[in-house]
Amino acid sequence: SNTVFAGAGFDYKHIHPRLATDSLYVTDAAVNCFSYTAFAMAKTKPLVIKMQLIYGQGLNDHLVMGGYGVTKTYPLTNEQTYSPLNYLSGWVNLQTTGKMWQGSLFAGYTKGFGSKDKIVGPVYARDADIEYVYRLAPMISYINGKLLIAAECEFTTAAYGKVDANYKVYDSKPVTNTRISFSIGYYF
């Protein structure tokens, strides 16, 4: 409708990490990755609310945390089997709808759950040693005709740690980054 938009999605990937082993044996070993998402947006007079939830495997090609690891290597051929790493992430953005001044607040969280199988070889992943990440980013915008001036302060915390046999992160230590940005836009 004009005030509510929502949906859901499903993603399936069948990845062949390599065509031949280090011993030059042809291999068709693959890793299957499944991902699910739900999203919604609601517009009211004072506020626009947007949100999304994703549970996924091997999402590193989406430029987020994820990937896969080697679960077995066969000694004779060097052929490998793989297992995807599992992640849950969600975010919400609240934005006011003023004509001249608008405020917004973004909040997001991602948590890694490792693999359902034991990882015994290399891991091909983005940020596999992070247990969780969260971000808070308040922003204020000034709009005057075609001119937009905005200021944002972003707080991001990532908890780096050790990994167990299933690549689930434990004993993590959070590290926080603060970023302040200003932007000016002229829309014609």
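Residues numbered from 1 in each chain as written. Predicted model: local features only at pLDDT ≥ 70, side-chain atom pairs only at ≥ 80, totals over all residues. Heavy atoms only, no water.

Draft legend 1. Summary view of the side chain of Gln102. Assignment of secondary structure puts Gln102 in strand S7 (residues 101-114). Within the structure, Gln102 has its side chain in polar contact with the side chain of Gln95 (distance 2.8 Å). Aside from chain neighbours lying at most four places away, what touches Gln102 is Gln95, Thr96, Thr97, Met139, Ile140, Ser141 and Ile143. (Helix = DSSP H or I, 4+ residues; strand = E, 2+ residues; numbered from the N terminus. Polar contact = N/O pair within 3.5 Å; in protein donor to acceptor, adjacent residues only side chain to side chain. Contact = heavy atoms within 4.5 Å.)

Draft legend 2. Just the packing of aromatic side chains, in detail. Within the structure shown, the criterion is met by eleven aromatic pairs. Here the aromatic rings of Tyr68 and Tyr124 are separated by 5.7 Å at their centres, their planes lie at 40°, and the arrangement is tilted. Of this pair, Tyr68 sits in strand S4 (residues 66-73) while Tyr124 sits in strand S8 (residues 123-126), placing them 56 residues apart in sequence. Take Tyr68: its relative accessible area is 12%, and that puts it in the buried class. Given a relative accessible area of 40%, Tyr124 falls into the partly exposed group. The positively charged end of Lys111 is found above the aromatic ring belonging to Phe113, 5.7 Å away from the centroid. (Phe/Tyr/Trp six-rings, centres within 6.5 Å; stacked < 30°, edge-to-face > 60°. Buried < 20%, exposed > 50% of the residue type's maximum accessible area, 1.4 Å probe, protein only. Lys NZ or Arg CZ within 6 Å of the ring centre and 35° of its normal.)

Draft legend 3. Representation of a nonpolar patch on the surface. On the surface, Phe10, Tyr12, Phe34, Tyr36, Leu53, Tyr55, Leu88 and Phe113 cluster together into a nonpolar patch covering about 760 Å² of accessible area. With relative accessibility at 52%, the residue Phe10 sits in the exposed group. (Patch = residues over 30% accessible without salt bridge, like charges linked within 9 Å, V, L, I, M, F, W, Y side chains within 5 Å. Areas by Shrake-Rupley, 256 points an atom, 1.4 Å probe, with all protein chains shown as cover. Salt bridge = Lys/Arg side-chain N within 4 Å of Asp/Glu carboxyl O.)

Draft legend 4. Examining the sheet that holds strand S2 (residues 31-43) more closely. Across the sheet, which stays open at both edges, the eight strands sit in the order S1-S2-S3-S6-S7-S9-S10-S11 with antiparallel pairing between neighbours. Strand pairing shows two members of the sheet lacking a second neighbour, strand S1 (4-15) and strand S11 (169-186), which therefore form its edges. When strand polarity is set aside, the average angle formed by the axes of neighbouring strands in this sheet is 10°. Alignment of strand S9 (residues 130-144) against strand S10 (residues 147-163), held across twelve bridges, turns out to be antiparallel. Looking across to S10, one finds that Tyr134 is bridged to Thr157. (Pairing = 2+ DSSP bridges. Axes fitted to C-alpha atoms, helices over the stretch in contact; angles between N-to-C directions.)

What is shown is where atoms sit, not what they do.
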